[in-house]
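Breakdown of the fold
Here is what each chain is made of, one letter per residue.
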Amino acid sequence: MTSEAKLSKDDMTVCFILGGPGSGKGTQCAKLVQDFGFVHMSAGDLLREEQQRPGSEYGELIQNCIKEGKIVPSEVTITLLEKKIIESDSNRFLIDGFPRQLDQALAFEKEVVESTLIIYLECSEEVMLKRLLKRGETSGRIDDNKETILKRFKTFLELSYPVVEHFRKSGKVHTVPCEDSVEEVYARVKPIFAELFKQK
Ligand SMILES: Nc1ncnc2c1ncn2[C@@H]1O[C@H](COP(=O)(O)OP(=O)(O)OP(=O)(O)O)[C@@H](O)[C@H]1O
Ligand SMILES: O=c1ccn([C@@H]2O[C@H](COP(=O)(O)O)[C@@H](O)[C@H]2O)c(=O)[nH]1
Ligand SMILES: [Mg+2]
């Protein structure tokens with residue numbers, strides 16, 4: 001899976017929205033899209049789409065990784081993200097739930113584009129578990145069950161949180177406590193964007 005088109009990195013803005021499973025990444029991104037006109041890409045959603053695409057050579061691999069709370073090999077996810085960016089007319093992207101692992105962060109920033117801003121949604125496992133179990137009542141996601149959720153927490157702590165730590169050195173990370181209501185969390189997130197980007 002390789003992408004032949006070339007990306008122009010001029011004027012391109014990429015923000016990473018990071019946080020544990022169920023911290024509210026997708027929810028906050030939806031609000032940012034409304035206010036700031038970014039294109040939102042959830043790496044997890046792109047992988048689920050690819051998994052369901054008839055004829056995908058990665059379908060089974062992706063399904064197994066998601067079910068086990070493991071990380072899909074970087075080249076698969078980066079190719080999907082890059083393709084979406086190339087296909088889009090926009091030059092402002094919110095990438096949610098990626099990079100998940102240090103090698104992904106380094107590869108994406110080298111091969112695709114450097115991030116401008118990183119939001120880290122900070123949440124306890126207790127709150128995330130509650131939210132995900134509730135979401136699992138209707139989401140149909142194969143990973144919204146207690147057994148997989150606990151595996152996802154372990155992967156997050158061991159592999160994904162170090163990405164946040166890595167980016168902290170760059171000064172681009174804004175840590176946002178996110179155990180309050182959606183609106184209260186957004187009241188913390190919005191000013192960070194408002195300072196850097198014009199509203200729609
Ligand atoms: N601040 C909040 N307070 C209460 N519930 C919330 C809050 N933010 C999100 N939720 C709910 O918690 C669940 C998880 O939120 P969301 O899907 O946005 O998280 P996520 O970080 O994208 O999760 P995942 O990593 O599993 O994709 C959803 O059902 C959402 O409605
Ligand atoms: O960059 C990524 C993003 C996601 N995954 C896999 O997908 C699931 C679900 O991701 P969500 O962000 O919670 O929707 C995740 O547990 C991983 O298995 C990935 O491998 N790489
Ligand atoms: Mg999500």
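Bear in mind the structure is a predicted one, so any value in this text is a computation, not a measurement. (Residues numbered from 1 in each chain as written. Chains lettered and ligands numbered in written order. Predicted model: local features only at pLDDT ≥ 70, side-chain atom pairs only at ≥ 80, totals over all residues. Heavy atoms only, no water.)

The helix and strand inventory of the chain stands at 8 helices and 5 strands. Tracing the chain from N to C terminus, the helices and strands come up as β-α-β-α-α-α-β-α-β-α-α-β-α. For the chain, whose C-alpha radius of gyration is 16 Å, the value lies close to the compact-globule estimate of 16 Å for 200 residues. Across the 200 residues in the chain, those meeting the buried criterion constitute 48%. Across the chain, every contact between residues at least 6 apart in sequence was considered, and the portion connecting residues at least 24 apart equals 78%. Put simply, the chain shows about 10,600 Å² of open surface, and 49% of that area lies on carbon and sulfur atoms. Of the charged side chains in the chain, 29 are positive and 33 negative, and the gap between their average positions amounts to 2 Å. (Helix = DSSP H or I, 4+ residues; strand = E, 2+ residues; numbered from the N terminus. Rg over C-alpha atoms; globule rule 2.2 N^0.38 Å. Buried < 20%, exposed > 50% of the residue type's maximum accessible area, 1.4 Å probe, protein only. Contact = heavy atoms within 4.5 Å. Areas by Shrake-Rupley, 256 points an atom, 1.4 Å probe, with all protein chains shown as cover. Lys, Arg positive; Asp, Glu negative; His and termini not counted. Charge placed at Lys NZ, Arg CZ, Asp CG, Glu CD.)

Next up on the list: the site of ligand 2. Contacts to ligand 2 come from 16 residues, most closely from R48, K70, V72, R100 and R141. G97 places a polar main-chain atom, nitrogen or oxygen, 3.5 Å from an oxygen atom of ligand 2. A distance of 3.0 Å is found between an oxygen atom of ligand 2 and a side-chain nitrogen or oxygen belonging to R100. Here ligand 2 has 450 Å² of accessible area as a free molecule, and 96% of this is covered by the chains. Among the cavities detected, the one that contains ligand 2 is the largest pocket. Put simply, the parts of the chain that give the shell around ligand 2 at least two residues each are α2 (43-52) and α3 (59-68). Of the residues forming the shell around ligand 2, the biggest block, 4 residues, is contributed by α2. (Near = heavy atom within 4 Å. Polar contact = N/O pair within 3.5 Å; in protein donor to acceptor, adjacent residues only side chain to side chain. 1 Å grid on protein atoms, 1.4 Å probe; cavity = no way out; pocket = protein on both sides within 12 Å on 5 of 7 lines; lining within 4 Å. Sits in = over half its atoms within 2 Å of the grid points.)

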